[in-house]
Amino acid sequence: MHNDIQEVLYSEEQLQEKVRELGELLSKEYGGRNPLVICVLKGAFVFMSDLVKRIEIPLEIDFMAVSSYGASTKSSGVVKIIKDLDTPIEGRNILIVEDIIDSGLTLSYLIDVLERRNAQSIKVVTLFDKPSGRRVEMEADYTGFTLPDKFIVGYGLDYAEKYRNLPYIGVLKPEVYSE
Ligand code: PRP
Ligand code: MN
Ligand code: MG
């Protein structure tokens, strides 16, 4: 285990199992609809890459980068688009892939932007949901795990850009924040 990690919340095996389940479900939901699967960078990149391998139907992918946290464990509340989609989405079935919904600000902003582009449908799959953090109303259509009010890292999720490469989800030791 990484030295800064206090506790492993979800092991690599538990994550893979959940991703397989979600992939199976989404394969059924999106069969014949050629969905455009959108990865919300950076946090969702690990989940996205594992998930699309488990969605066994034709699909297309694109990437969008937004950020609101900076080097903090709290959302700034100001969401910025750092990279927009390459693909027009008019008439498409959109599946947004997120790693985590906390305050809900990132997704509500993103959905607001995408809704103005006349997609046929826009749905959200998130690996983690932290309902205790909500500042705006936001619910995913597909959720992997519901989390307690803890700040987690790994499997794409960072603290100050670190720990994204951990293959499991861990809780940081408190002294790591205060350094
Ligand atoms: C994190 C996470 C989600 C968002 C969730 O992204 O990856 O995108 O925050 O929080 P919210 O519901 O309170 O908006 P972050 O802004 O840290 O950027 P990153 O994905 O590049 O780490
Ligand atoms: Mn993110
Ligand atoms: Mg982050």
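Under an unreviewed UniProt entry, the protein chain has the name Hypoxanthine phosphoribosyltransferase and belongs to Paenibacillus swuensis. The UniProt entry for the protein chain carries the following text under Subcellular location (unreviewed entry): "Cytoplasm". Here is the UniProt Sequence similarities (unreviewed entry) comment for the protein chain, exactly as written: "Belongs to the purine/pyrimidine phosphoribosyltransferase family."

Novice: Before we go on, may I ask you to explain the overall build of the protein chain in this structure?
Specialist: A count of helices and strands for the protein chain gives four helices and nine strands. At 16 Å, the protein chain has a C-alpha radius of gyration in line with the 16 Å of a compact globule built from 179 residues. By its C-alpha atoms, the protein chain is 50 × 35 × 25 Å across when sized along the principal axes. Counting all 179 residues of the protein chain, 31% fall into the buried class.

Novice: Would you take a moment to explain unusual backbone geometry for this structure?
Specialist: Note: most residues except glycine have negative phi, and most peptide bonds are trans. Here the amide bond leading from Leu-41 into Lys-42 is cis, since omega sits at 0°, within 30 degrees of zero. Looking at the secondary structure, you find Lys-42 in the loop between β2 (36-41) and α2 (45-54). A positive phi is found at Tyr-155, a non-glycine position, where the angle reads about 50°. With respect to the element layout, Tyr-155 can be found in the loop between β8 (152-153) and β9 (169-172).

Novice: Got a minute to help me understand α2 in this structure?
Specialist: The α-helix winds at 3.6 residues per turn, so residues separated by three or four positions along the chain end up facing the same way. Taken together, the buried positions of α2 are occupied by Val-46, Phe-47, Met-48 and Leu-51. Of the surrounding elements, those touching the buried residues of α2 are α1 (12-30), β2, β5 (93-101) and β6 (121-129).

Novice: For this particular structure, what's the right way to read the environment of Lys-80?
Specialist: Considering the arrangement of structural elements, one finds Lys-80 in strand β4 (residues 80-83). By the C-beta count within 10 Å, which is 11 here, Lys-80 ends up exposed. Taking the C-alpha atoms as reference, Lys-80 lies 20 Å from Thr-126; in sequence the two are 46 residues apart. Every residue in contact with Lys-80, bar those within four places of it in the chain, is listed here: Val-66 and Ser-67.

Novice: Would you mind going over the sheet that holds β5 with me for this structure?
Specialist: Strand pairs in the sheet, formed through backbone hydrogen bonds, run parallel or antiparallel to each other. With mixed pairing, six strands are arranged side by side in an open sheet as β4-β3-β2-β5-β6-β7. A strand with exactly one partner marks an edge of an open sheet, and here the two such strands are β4 and β7 (142-146). For this sheet the average axis-to-axis angle between neighbouring strands, irrespective of direction, equals 25°. Relative to β5, β2 runs parallel, the two being bridged by four bridges. By the bridge assignment for β5, Cys-39 is matched with Val-97. Sitting on the sheet, α1 is in contact with β5, β6 and β7, with an inclination near 165° to β7.

What counts and how
- Residues numbered from 1 in each chain as written.
- Chains lettered and ligands numbered in written order.
- Predicted model: local features only at pLDDT ≥ 70, side-chain atom pairs only at ≥ 80, totals over all residues.
- UniProt positions renumbered as here; feature names shortened; annotations may be inferred.
- Helix = DSSP H or I, 4+ residues; strand = E, 2+ residues; numbered from the N terminus.
- Rg over C-alpha atoms; globule rule 2.2 N^0.38 Å.
- Buried ≥ 20, exposed ≤ 12 C-beta atoms within 10 Å, placed from the backbone.
- Contact = placed C-beta atoms within 7 Å.
- Pairing = 2+ DSSP bridges.
- Axes fitted to C-alpha atoms, helices over the stretch in contact; angles between N-to-C directions.

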